[in-house]
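# Structure at a glance
The residues making up each chain are set out below.
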Amino acid sequence: MTQYPSTRKNAANIWRCDKCGLAIQDGHGNIELIDPETGGYPLGTSCLIIAHHRRCDPNPNRDAYWIRVERARGAEVLDWIEHLLDKPWFTSANARAFIRRYQDGLCTAEGFKVYENGGAK
Ligand SMILES: [Zn+2]
């Protein structure tokens, strides 16, 4: 059973860094969509979703499709998913992973347990 969190508290702190695991504050990092084969800009039929603080990014000069974390909060996440689904490299599985990653951050910030019934975690 998935528990749906409130978005009121800690709403600014929901994207977590893949390196340090801490929340990425506004202006301090990006979500990056990369090609699973090359690690660069997605050119194939799928992508990987990663997020890093700028200070933690092991490859800050990579050519990725990037989104500043402060531009992917709340309803903006729906806008991004709608936009990204037009890309040939953004699949429904990628959309699910994007949503679950966002929900994971929300649930963690709120102290909820995340995803008892499968999914990306
Ligand atoms: Zn970090």
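Remember, it's a predicted structure, so these values are computed and weren't measured experimentally.

Quick notes on the rules
Residues numbered from 1 in each chain as written. Predicted model: local features only at pLDDT ≥ 70, side-chain atom pairs only at ≥ 80, totals over all residues. Helix = DSSP H or I, 4+ residues; strand = E, 2+ residues; numbered from the N terminus. Buried ≥ 20, exposed ≤ 12 C-beta atoms within 10 Å, placed from the backbone. Contact = placed C-beta atoms within 7 Å. pLDDT = per-residue confidence, 0-100.

## Considering the overall build of the chain
From N to C terminus, the chain includes two helices and three strands. Helices (α) and strands (β) of the chain occur, in sequence order from the N terminus, as β-β-β-α-α. Here the chain holds 121 residues, and the buried ones make up 27% of them. Residue pairs in contact within the chain that sit at least 24 positions apart in sequence constitute 58% of those at least 6 positions apart.

## Comments concerning the confidence of the model for the chain
The predicted coordinates ought not to be read in detail in places where the model reports low pLDDT. Residues at a pLDDT of 70 or more form 77% of the chain, whose mean pLDDT is 83. Every residue in residues 4–12 is under pLDDT 50, and counting partners more than four places away or in other chains gives 15 contacts. Low pLDDT, under 50, characterises residues 113–121; the predicted model gives this stretch 17 contacts beyond four residues in sequence or across chains.

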